[in-house]
Amino acid sequence: MRRTQESVDGLSLDLLDALTLLAQDRVRGGGLRLVGEDGLLPAITQHLMQAALEAELEEHLAAEAECGGGRGSRSGGNGRNGYRTKKVMSEVGPITLQIPRDRLGTFRPRILPKGARRTGALDEMVLSLTARGMTSGEIVAHLEEVYGMKTSKETISTITDKALDSMNEWRTRPLDAVYPVVFVDAIHVKIRDGQVANRPIYVAIAVTADGYREILGLWAGDGGEGAKFWQQVLTDLRNRGVKDVLMLVCDGLSALPDAVANVWPQTVVQRCVVHLIRQSLRYASRRDWPEVAADLKPVYTAVNEAQARERLDEFDAKWGHKYGSIATVWQRAWSEFVPFLAFPDSIREVVYTTNSIESLNARYRRAAACGHFPNEQAALKRIYLATLALDPSGRGRKRWNNKWKAALNEFDQLFDGRLTAGRV
């Protein structure tokens, strides 16, 4: 018997030749369409799924026959009982299947569970499109235009609602015992709750002891968060296993430092330098931004607090007549800005090098740029799906910088071994 030759990917060469001839015939007949109605891939998918359903039924009937009764109605066993037609949406377009039935009604196909009108791969595609910022209406239009599927916004919402259970599990998952640095940042979204209003979605982003970014959780606020709100957020993190945080970096959240002191008394609260620079540039003309930013750099790269104060005075002497509010921004945040000036450059770089956070926020902003959300759960769901798009684990892992070992050693020495002790 002639052995069938296989291609590199394991497919039969005879099969590939037959598919090639089929594609050529389609081209001669008016053009080759891969997906959607009359597409080549839906036809192949339909054939393969039909064969899989037949194989599943044969396996089911054989298993029941072994248990007793034999096969066939005369022996009292089970047997085939015709078909029912079912139209299914797949990731390559709509297909029509003949679902085989058995006489006893015990057959439950695994490839297409009872009641399913979509394949699992299609659901994954919808979740991926949602995570990348497409609205339900845009996804409906995309599926119809590309795949010839007619669906509705309600169906898309039903598909994405499947992520709610996994989101709740993700928001309560166990965390590491200690983190060198945790950043608390906010993404503002529009939520319709009686009337459309801007609402913050807070995200806690940590640098792990191994030097990776980890997204710890998401919380919806109303813009007027007080000590009680932050106490609940930090207590949530502590209950999930976070016993210690060496430094917590935030942007002017007035009630947060007091809550940190209650939950992790030894934690250093640091004002985010990047946000201070951005606030400063809001008071300056765009054409002066490069020079203003360059003149601010000596302030946050000073060797100590005294030198930083001198550099800020020099900045104010140069720009105060034109942009007097900039020095005031730094003076108001001074007590929360200066802590990291006591640390070496390796730790400073971890604190004010926030490219990893900026790339994450850019992804979140794209995902949230869809008009407005009906409620805060819908907003959290979309941000969560954007997180999964970065990393299937939901941790959004990314290397923080390439010089982490130096920073790790400095953290452990300057914080009295708390980092190492928390990892044991």
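If you're wondering where the values come from, they're calculated on a predicted model, not measured in any experiment.

### Some words on the overall build of the protein chain
Along its length, the protein chain carries 18 helices and seven strands. Every one of the 424 residues in the protein chain was classed for burial, and the buried ones make up 45%. Taking the contacts inside the protein chain whose residues are at least 6 apart along the sequence as the reference set, 63% of them involve residues at least 24 apart. For the protein chain, the computed accessible surface area is about 22,000 Å², with 50% contributed by carbon and sulfur atoms.

### Quick look at the pattern of salt bridges
Taken as a whole and assessed by the stated rule, the structure comprises 13 salt bridges. Note that D161 and K381 form a salt bridge whose closest N and O atoms lie 2.8 Å from each other. Highlighted residues: D161 in the loop between α5 (153-160) and α6 (163-171) and K381 in helix α16 (residues 376-390), separated in sequence by 220 residues. Given a relative accessible area of 10%, K381 falls into the buried group.

### Thoughts on the packing of aromatic side chains
Summed over the entire model, instances satisfying the criterion amount to 12 aromatic pairs. Consider the rings of W330 and F337, whose centres lie 5.1 Å apart with planes at 85°: the pair is edge-to-face. In terms of burial, W330 and F337 fall into one category: buried. These aromatic residues form a ring-pair network of at least three members: W330, W334, F337 and F340. Seen from the ring of W334, R309 lies directly overhead, with NZ or CZ sitting 4.3 Å from the centre.

### As for the pairing of strand β6 (residues 244-250)
The side chains of a regular strand alternate, first on one face of the sheet and then on the other. Of all seven residues making up β6, seven are buried, and the element is well covered by its neighbours. Summarising the sheet, strand β3 (residues 178-193) and β6 pair through five bridges and their orientation is parallel. Across the sheet, the residue bridging to F183 is V249, located in β6.

### Some words on α5
Since there are 3.6 residues in each turn of an α-helix, residues three or four apart along the chain are aligned in direction. For α5, the full list of buried residues reads I156, I159 and T160. End-on, the buried residues of α5 take up no more than an arc of 95°, which puts them together on one face.

### As for the environment of E410
Examined against the element boundaries, E410 turns out to sit in helix α17 (residues 404-414). According to the relative accessible area criterion, E410 is partly exposed, its value standing at 27%. Considered as a pair, E410 and F343 are 67 residues apart in the sequence and their alpha carbons are 8.6 Å apart. Among all residues touching E410, those that are not within four sequence positions of it are P344, S346 and I347.

### A closer look at the state of the cysteines
The tally for this structure, following the rule as stated, stands at zero disulfides. Left without a disulfide partner, C250 is nearest to the cysteine sulfur of C272, which lies 8.6 Å away. Here C250 falls in the buried class, since its relative accessible area comes to 2%.

### Considering the nonpolar core
One finds M247, V292, W330, F337, F340 and F411 to be the most contacted residues of the largest nonpolar core, which totals 74 residues. Top contributing element to this core by residue count: α16, with seven residues. The contact partners of F337, leaving out residues within four places of it in the chain, are Q270, R271, V273, L276, V299, Y300 and W330.

### Examining the pairing of strand β7 (residues 268-271)
Where β6 and β7 come together, four bridges link them in parallel fashion. The residue of β7 that forms the bridge with L248 is V269. Following the backbone out of β6, through helix α8 (residues 256-263) and into the adjacent parallel β7, one traces a crossover that is right-handed.

### Structural notes on the sheet that holds strand β4 (residues 195-207)
An order of β5-β4-β3-β6-β7 is seen for the five strands of this open sheet, with the pairing classed as mixed. Here the strands that pair on one side only, and so sit at the sheet edges, are β5 (213-220) and β7. The mean angle between the axes of side-by-side strands here comes to 25°, regardless of whether they run parallel or antiparallel. By the bridge criterion, seven bridges tie β4 to β5 in an arrangement that is antiparallel. Across the sheet, the residue bridging to V203 is L218, located in β5.

### Some remarks on the packing of helix α10 (residues 289-300) against helix α11 (residues 305-319)
One can describe the packing of α10 onto α11 by two numbers: an axis separation of 7 Å at closest approach and a directional angle of 155°. Between α10 and α11, the angle falls in the class roughly antiparallel. Within the contact between the two elements, α10 uses E291, V292, D295, L296, P298 and V299 and α11 uses A308, R311, L312, F315, K318 and W319. Here the residues of the contact of α10 with α11 sort into eight nonpolar, no polar and four charged.

The rules behind these values
Residues numbered from 1 in each chain as written. Predicted model: local features only at pLDDT ≥ 70, side-chain atom pairs only at ≥ 80, totals over all residues. Heavy atoms only, no water. Helix = DSSP H or I, 4+ residues; strand = E, 2+ residues; numbered from the N terminus. Buried < 20%, exposed > 50% of the residue type's maximum accessible area, 1.4 Å probe, protein only. Contact = heavy atoms within 4.5 Å. Areas by Shrake-Rupley, 256 points an atom, 1.4 Å probe, with all protein chains shown as cover. Salt bridge = Lys/Arg side-chain N within 4 Å of Asp/Glu carboxyl O. Phe/Tyr/Trp six-rings, centres within 6.5 Å; stacked < 30°, edge-to-face > 60°. Lys NZ or Arg CZ within 6 Å of the ring centre and 35° of its normal. Pairing = 2+ DSSP bridges. Arc of directions from axis to C-beta. Disulfide = S-S within 2.5 Å. Core = buried A, V, L, I, M, F, W, Y, C linked by side-chain atoms within 4.5 Å. Right-handed = clockwise from strand over helix to strand, strands pointing away. Axes fitted to C-alpha atoms, helices over the stretch in contact; angles between N-to-C directions. Parallel < 35°, antiparallel > 145°, perpendicular 65-115°, else oblique. Nonpolar A, V, L, I, M, F, W, Y, C, P; charged D, E, K, R; others polar.

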